[in-house]
Amino acid sequence: MEYFKINGGKKLFGQISVHGAKNSALPILASTLLIKGESVIHNCPDLSDVRVTLDILKSLGCKVKRENDTVLVDASNVTNNEISEKTMRTMRSSIIFLSALLSRQGSASIFYPGGCEIGVRPIDLHLKALKDLGANVSVNGSSINADAALIIGTKIILPFPSVGTTENIIIASAISKGKTVIVNPAREPEISDLADFLNHCGAKIYGAGESTIVIDGVNSLYPYEHTIIPDRILASTYMSLGAVCSKELTVNNIRQSHLSPVFPVFNEMGCKIYLSDNSLTLVSPKRLKRVKSIKTMPYPGFPTDSQSPVAVALSLANGTSILQETIFENRFRYVSELNRFGTDIEIKDNIAVINGVDKLHCANVHATDLRGGAALVVAALCASGESNIYSIEHIDRGYENLENALSSIGADIKRSKNEGATKEKTVKKEYE
Ligand code: UD1
């Protein structure tokens, strides 16, 4: 198994670039299944979750090619409607193939993506929405079968703006009869990116990013080229890193508006943010200030995925900060590992009470999940001395070549093999 060896305590400097958004790439790649022809997807990050998605597309009969950061998916011949249980369980977002298969093949035979380390993550809203759209959906143990001769538009009121459910509804009803209205959809930028892609392919999706989405079903879609939006969660991870390990750090390839929910938090910490077209420069104060209260919320609220890297910055702030997690019930698992670096974080139900400390010390820790793992990397880069981070397969799901990116701004981080294997403890799979 691989692990990161990090010699921390170095001041980081310069410019770092953000790759394409994982949470856009996954549904957009799944939706290429709807298109009889070759879709060309630029700025597609080379992440383990993306590789699993491409393997699923291949197993369904698509021809898939990667040329640097461009992925070509030719879905002219789709020959299968099944995804194995093993594959489904490797990645939570494989559930997005339910609507894509239903649309393309008229039926889908898949399995529950499973629970995970950050919460129970049921799929009841996904299944109900597809039933509302006219599909027959049956669940037998962990297997899910769905079929529909035709998707028929309807009005769906979501009790919670679930990201994955909104994407499944959009994908299912892009090619359909009639009009679908989603009330209270997720408004994340990745939803708008999916809608933009499908609209360029001939779909009629209106209102993505707003409080109601209307989809006029069309008969078919045609291939198009699309560029994935930058990963706002990666950008906020780099901002957290800049806040604690750098006087001045420039983050390139960002969309300012996508980061507006996190800017106030960094401002409250005393950081100055200088914006130009598609980049930002974060200038950090000598000592960060505490933030009174942060609550994770659906977009445009503070993102749950940015919670853990920001917690590291708050751990080094002057005073006590309160961080409340409202989206996932089990998203503070990383804290017991993080506290090994000398942070002083207490968890009470879904609230983290973060008492700022002066400095961190090195530690050997295990990543418990994707974003929690990234937080451990940020902590190790701040802590003087040598830290080892194990179970980094979690981190590889969402951060492309993290060690190369961080080395380019002066970090001493290496990916190592073997030695870590003996020190590994078993950490269950996590599915963001
Ligand atoms: C997506 C993101 C993930 C992010 C999350 C919230 C991807 C691949 N993943 O996950 O990074 O943290 O949005 O911004 O885009 N829920 C139900 N029933 C359902 C579906 C969801 O109860 O059928 C609950 C979940 O348990 C959770 C909440 O709704 O408590 C949010 O989930 P959802 O927005 O669906 O997140 P994902 O799409 O899984």
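All values derive from a computational prediction rather than experimental measurement.

A. Structural detail: the side chain of Glu167. Looking at where Glu167 falls in the secondary structure, it is placed in helix H6 (residues 163-174). For Glu167, which is buried and forms no salt bridge, the nearest opposite charge comes from Arg232, at a distance of 8.6 Å. When residues no more than four places from it in sequence are discounted, the contact partners of Glu167 are Asn23, Pro27, Ile96, Ile191 and Leu194.

B. Structural context of the site of the ligand. Around the ligand, a shell composed of 21 residues is seen, among which Arg121, Asp124, Ser162, Asp305 and Ile327 lie nearest. One nitrogen or oxygen atom from the main chain of Gly164 is found 2.8 Å from an oxygen atom belonging to the ligand. Contact distances for the ligand include 2.6 Å between an oxygen atom and a backbone N or O atom of Ile327. Protein chains bury 88% of the 750 Å² of accessible surface belonging to the ligand in isolation. Only helix H5 (124-132) and H6 provide two or more residues apiece to the shell around the ligand. In terms of residue class, the shell around the ligand is built from 7 nonpolar, 7 polar and 7 charged.

C. Summary view of helix H2 (residues 48-59). With 12 residues, H2 should cover 16 Å at 1.5 Å per step; its first-to-last C-alpha distance of 16 Å lies within 8% of that length. Every buried residue of H2 is accounted for by Ser48, Asp49, Val50, Val52, Thr53, Leu54, Ile56 and Leu57. For H2, the secondary structure elements touched by its buried residues are helix H1 (22-31), strand S4 (63-67), strand S5 (70-74), helix H3 (85-90), helix H4 (97-105) and helix H13 (393-396). Of the residues one or two after H2, Gly61 is the one with positive phi, at around 110°.

D. Layout of the environment of Val244. If you trace the backbone, Val244 turns up in helix H8 (residues 232-245). Along the chain, Val244 and Ala100 lie 144 residues apart, while their C-alpha atoms are 42 Å from each other. Ignoring any residue separated from it by four or fewer positions in sequence, one finds Val244 in contact with Lys11, Leu288, Val312, Ala313, Leu316, Val378 and Cys382.

E. The arrangement of the sheet that holds strand S16 (residues 279-283) in detail. Read across the open sheet, the 4 strands follow the order S2-S14-S16-S15; overall the sheet is mixed. Strands at the two margins of the open sheet, each flanked by one partner only, are strand S2 (12-17) and strand S15 (272-276). Taking the axes of each pair of neighbouring strands and ignoring which way they run, one obtains an average angle of 15° across the sheet. As judged from the 5 bridges shared by S15 and S16, these two strands associate in the antiparallel manner. Paired with Lys272 across the two strands is Val283, which belongs to S16. In the packing of H8 onto the sheet, the strands contacted are S2, strand S14 (246-252), S15 and S16, and the crossing angle to S14 comes to about 165°.

F. How the structure looks around the packing of H1 against helix H7 (residues 189-200). Relative orientation of the contacting elements H1 and H7 amounts to 30°, with a least axis distance of 9 Å. What the angle tells us is that H1 and H7 run roughly parallel. At the point where H1 passes H7, the crossing takes the right-handed sense. Contacts between H1 and H7 pair Asn23, Ser24, Pro27, Ile28 and Ser31 from the former with Glu190, Asp193, Leu194, Phe197 and Leu198 from the latter.

G. Summary view of the pairing of S5. Burial analysis of S5 places 5 of its 5 residues in the buried class, which makes it a mostly covered element. Residues of S5 alternate between two faces, with Thr70, Leu72 and Asp74 on one and Val71 and Val73 on the opposite face, all of them buried. Of the strand pairs in this sheet, strand S3 (residues 38-42) and S5 are connected by 4 bridges, and their pairing is antiparallel. When the bridges of S5 are listed, Val40 appears paired with Leu72. With 5 bridges joining them, S4 and S5 adopt antiparallel strand pairing. Within S5, the residue paired with Lys63 across the bridge is Asp74. In textbook terms, the turn of a hairpin is the stretch between consecutive antiparallel strands, and for S4 and S5 this stretch comprises 2 residues, one of which, Asn68, has a positive phi near 55°.

H. Just the confidence of the model for the chain, in detail. Counting all residues, the mean pLDDT for the chain is 94, and 95% of those residues have values of 70 or more. In the model, residues 420-431 has pLDDT below 50 throughout and makes 39 contacts with residues more than four positions away in sequence or in other chains.

The rules behind each value
Residues numbered from 1 in each chain as written. Predicted model: local features only at pLDDT ≥ 70, side-chain atom pairs only at ≥ 80, totals over all residues. Heavy atoms only, no water. Helix = DSSP H or I, 4+ residues; strand = E, 2+ residues; numbered from the N terminus. Buried < 20%, exposed > 50% of the residue type's maximum accessible area, 1.4 Å probe, protein only. Lys, Arg positive; Asp, Glu negative; His and termini not counted. Salt bridge = Lys/Arg side-chain N within 4 Å of Asp/Glu carboxyl O. Contact = heavy atoms within 4.5 Å. Near = heavy atom within 4 Å. Polar contact = N/O pair within 3.5 Å; in protein donor to acceptor, adjacent residues only side chain to side chain. Areas by Shrake-Rupley, 256 points an atom, 1.4 Å probe, with all protein chains shown as cover. Nonpolar A, V, L, I, M, F, W, Y, C, P; charged D, E, K, R; others polar. Expected span 1.5 Å × (residues − 1). Pairing = 2+ DSSP bridges. Axes fitted to C-alpha atoms, helices over the stretch in contact; angles between N-to-C directions. Parallel < 35°, antiparallel > 145°, perpendicular 65-115°, else oblique. Left-handed = near helix turned anticlockwise from the far one by under 90°. pLDDT = per-residue confidence, 0-100.

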